[in-house]
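Residue-level listing of the chains:
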Amino acid sequence: MAVTKRVVLHFPRRLVEQPVIYRLVKDYNLEFNILRASITAEPEEEGLLVLQLKGEQEEYDRGVKFLLKSGLKIQSLSQDVTRNEARCTSCGACVTLCPPGAFVVDPKTRQVNFDDEKCVACGLCIKACPPRAMEVHF
Amino acid sequence: MKTISEINEKIQQGKAVVVNAEEVIDLVKEKGVKHAAQHVDVVTTGTFGPMCSSGIYFNIGHSKPRIKLGGGRVYLNDVLAYPGLAAADVFFGANALPDDDPRNRMHPGDFNYGGGHVIEELVAGKDIRFTANAYGTDCYPRKRLETWLNIKDLNEAVMFNVRNAYQNYNVAVNLSDKTIYTYMGVLKPRLGNVNYCSAGQLSPLLNDPYYRTVGIGTRIFLGGSVGYVAWQGTQHNPNVLRTEAGVPKRSAGTLAVIGDLKQMSPQWLVGTSMYGYGVTLTVGVGVPIPILDEEILRHTAVTDAEIYGAVIDYSDAYPNQKPDIVGEVSYAELKSGTVKLQGKKVPAGSLSSYSKALEIADILKDWIKRGEFLLTEAVAPLPGVESGVAFKPLPERPLEI
Ligand code: SF4
Ligand code: SF4
């Protein structure tokens, strides 16, 4: 079964220059799409890479194991940004701000749905949401 | 055709026909205005959006020894309140901030906590930290008071909003080259997005454009409970450009509303932060419209396609009080998700929740159907188009040095 997952990779400094992503492609047949990347200059800090990975479930699982063994921290992206549903008023202030369009207005009910699979954790909605229903967890 | 007391009789017998301002649209299409007006007794409306001119007042009771708050300084959870009244009365506004909030020192400021949030917490039954300084008198000797306050211990706790439920509102864009942070939300540069803030076809005053039934004394839904129209709201401006059907094309009428805060619910009074602008309160208001004749019914059947808002540039025209508008768009276009402005397709977002407005209209409908909520005859009308009441700019007269 083919799967598409969004993950956040935290690299320790020593791995920043290793070809980990190349190995994911070559050894595990995973397609990748870089959603966000940053490498900080501070020596004690780390690199951060937000990826969309696509491939067979089995190979994806083995690929994740390989990443963990290499010493990376890996998080599923949908856990990073969540919505406190009780606070969301479905106002719609987030809809035009979210770059990948993770907020979709139901044309019938006018409720604003949050599709966390689309979220790239850019953080734009966090402060722009008037009742502060969007939460980011690091 | 019908009178309010006849409708109230039907409500008490559980026989009143009540529909919301969305349902009435299809009903009129199906039955025609004449039949629909005979059939329907009440149309309910609703709106749920940030309403900055909202506030509360309350009386804390007298401490022992007594303290005179009037003329002193009062804070609720460190947020500044207004103690310019007698000894134990306090007014508190939705936009108030703690003294040490950095505001826009690092623009755009976060505005995480302020008056609107305190009001939400108070209504939710949470304890609030009350701190006061006073100057002390022979009869009110105390100079300092620090205590927890709970809404259930207050003598009166009243919501009193001097301007709510705007009849139509500006549609906001940004023509400049940088992002701006406004009370109409975050506006991206070069027409990057367009924000609106009205429930459109569900909005109370857009369903009664000439204030034929809503007036002073009208019983309404306010913050999850019953409230009343106290007066026309500040900046009430009935004589604006209107469509042929009478729908205002600019910000027009407003309501001042009042109600018992103790009966209200935090679900319908939500503390709100406008990034880079300030704090406010999102308020739920719903107004029932008695269908006394065909004209009143026809007005309630207004659709989003027939309501137009003026698109205003919040980077220049709005702050500098210039009359220019970028264009006019209908709420149907806005709700489609994109509007065409200056030849560009611009994504549209909202600040007012349509789904919650519908929920309010339905709650009100339910109350009326169950005979729990009777309609009121207005004690006096709101100033209408011919009243001469108009919203004027400030005639600034510089002080001499
Ligand atoms: S801005 Fe916040 S409250 Fe409004 S729809 Fe988006 S998530 Fe919900
Ligand atoms: S953080 Fe918010 S704005 Fe950014 S992608 Fe996720 S949902 Fe969209």
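Turning next to the interface of chain B and chain A. Listed by partner, the interface residues are 27 residues for chain B and 18 residues for chain A. Surface buried jointly by chain B and chain A totals about 1700 Å² across both partners, of which 52% is contributed by carbon and sulfur atoms. With its nearest N and O atoms 3.1 Å apart, the salt bridge here joins A:Lys127 to B:Asp110. Linking chain B with chain A are 13 residue pairs in polar contact (both at pLDDT 80 or more). In terms of residues, the side of chain B that touches chain A owes the most to one element, strand E19 (residues 269–274) of chain B, which gives five residues. Here the residues of the side of chain B that touches chain A sort into 11 nonpolar, 11 polar and five charged.

Residues and elements named next belong to chain A. Packing of helix H1 (residues 20–28) against helix H2 (residues 57–70) brings their axes to within 10 Å, and their N-to-C directions diverge by 150 degrees. When the axis of H1 is compared with that of H2, the two are roughly antiparallel. With respect to the hand of their crossing, H1 and H2 are arranged in right-handed fashion. Here Val20, Arg23, Leu24 and Tyr28 of H1 come into contact with H2, specifically with Glu59, Arg62, Gly63, Phe66, Leu67 and Ser70.

Turning our eyes to something else, we now look at the sheet that holds strand E9 (residues 144–149) of chain B. Residues and elements named next belong to chain B. A sheet is described by the order of its strands in space; here four strands give the open sequence E6-E5-E8-E9, paired in antiparallel fashion. The sheet is open, and its two borders are formed by strand E6 (79–80) and E9, each paired with just one other strand. Across two bridges, the pairing between strand E5 (residues 73–76) and E6 is antiparallel. From the neighbouring strand, Leu76 faces E6, where its bridge partner is Val79. Its contacts with the sheet place helix H3 (residues 115–123) against E5, E6 and strand E8 (128–133), and it is angled at close to 120 degrees to E8.

Attention now goes to the site of ligand 1. As a structural note, the neighbourhood of ligand 1 is formed by 13 residues, with A:Cys88, A:Cys91, A:Gly92, A:Cys94 and A:Cys129 the closest of them. When its residues are assigned to classes, the shell around ligand 1 shows nine nonpolar, three polar and one charged.

It is worth spelling out the domain arrangement of chain A at this point. Accessible area lost upon the coming together of the parts is a frequently used measure of interface size. Residue and element names in this part refer to chain A. The domains assigned to chain A are domain 1 (2–79) and domain 2 (84–138). On the side of domain 2, nine residues touch domain 1, which itself brings nine residues to the contact. A buried area of about 650 Å², summed over both sides, lies between domain 1 and domain 2, and 47% of it is on carbon and sulfur atoms. In this assembly, domain 1 and domain 2 are joined by zero salt bridges. Among the secondary structure elements, those contributing two or more residues to the side of domain 1 that touches domain 2 are strand E1 (2–11) and strand E2 (31–39).

To continue, consider the site of ligand 2. The full set of residues close to ligand 2 is A:Val81, A:Cys98, A:Pro100, A:Phe103, A:Phe114, A:Cys119, A:Val120, A:Ala121, A:Cys122, A:Gly123, A:Leu124 and A:Cys125. Residues belonging to the shell around ligand 2 are distributed by class as follows: 11 nonpolar, one polar and no charged.

Calculation criteria
Residues numbered from 1 in each chain as written. Chains lettered and ligands numbered in written order. Predicted model: local features only at pLDDT ≥ 70, side-chain atom pairs only at ≥ 80, totals over all residues. Heavy atoms only, no water. Contact = heavy atoms within 4.5 Å. Buried area = accessible area lost by both parts, 1.4 Å probe. Salt bridge = Lys/Arg side-chain N within 4 Å of Asp/Glu carboxyl O. Polar contact = N/O pair within 3.5 Å; in protein donor to acceptor, adjacent residues only side chain to side chain. Helix = DSSP H or I, 4+ residues; strand = E, 2+ residues; numbered from the N terminus. Nonpolar A, V, L, I, M, F, W, Y, C, P; charged D, E, K, R; others polar. Axes fitted to C-alpha atoms, helices over the stretch in contact; angles between N-to-C directions. Parallel < 35°, antiparallel > 145°, perpendicular 65-115°, else oblique. Left-handed = near helix turned anticlockwise from the far one by under 90°. Pairing = 2+ DSSP bridges. Near = heavy atom within 4 Å. Domains from an automatic or database assignment.

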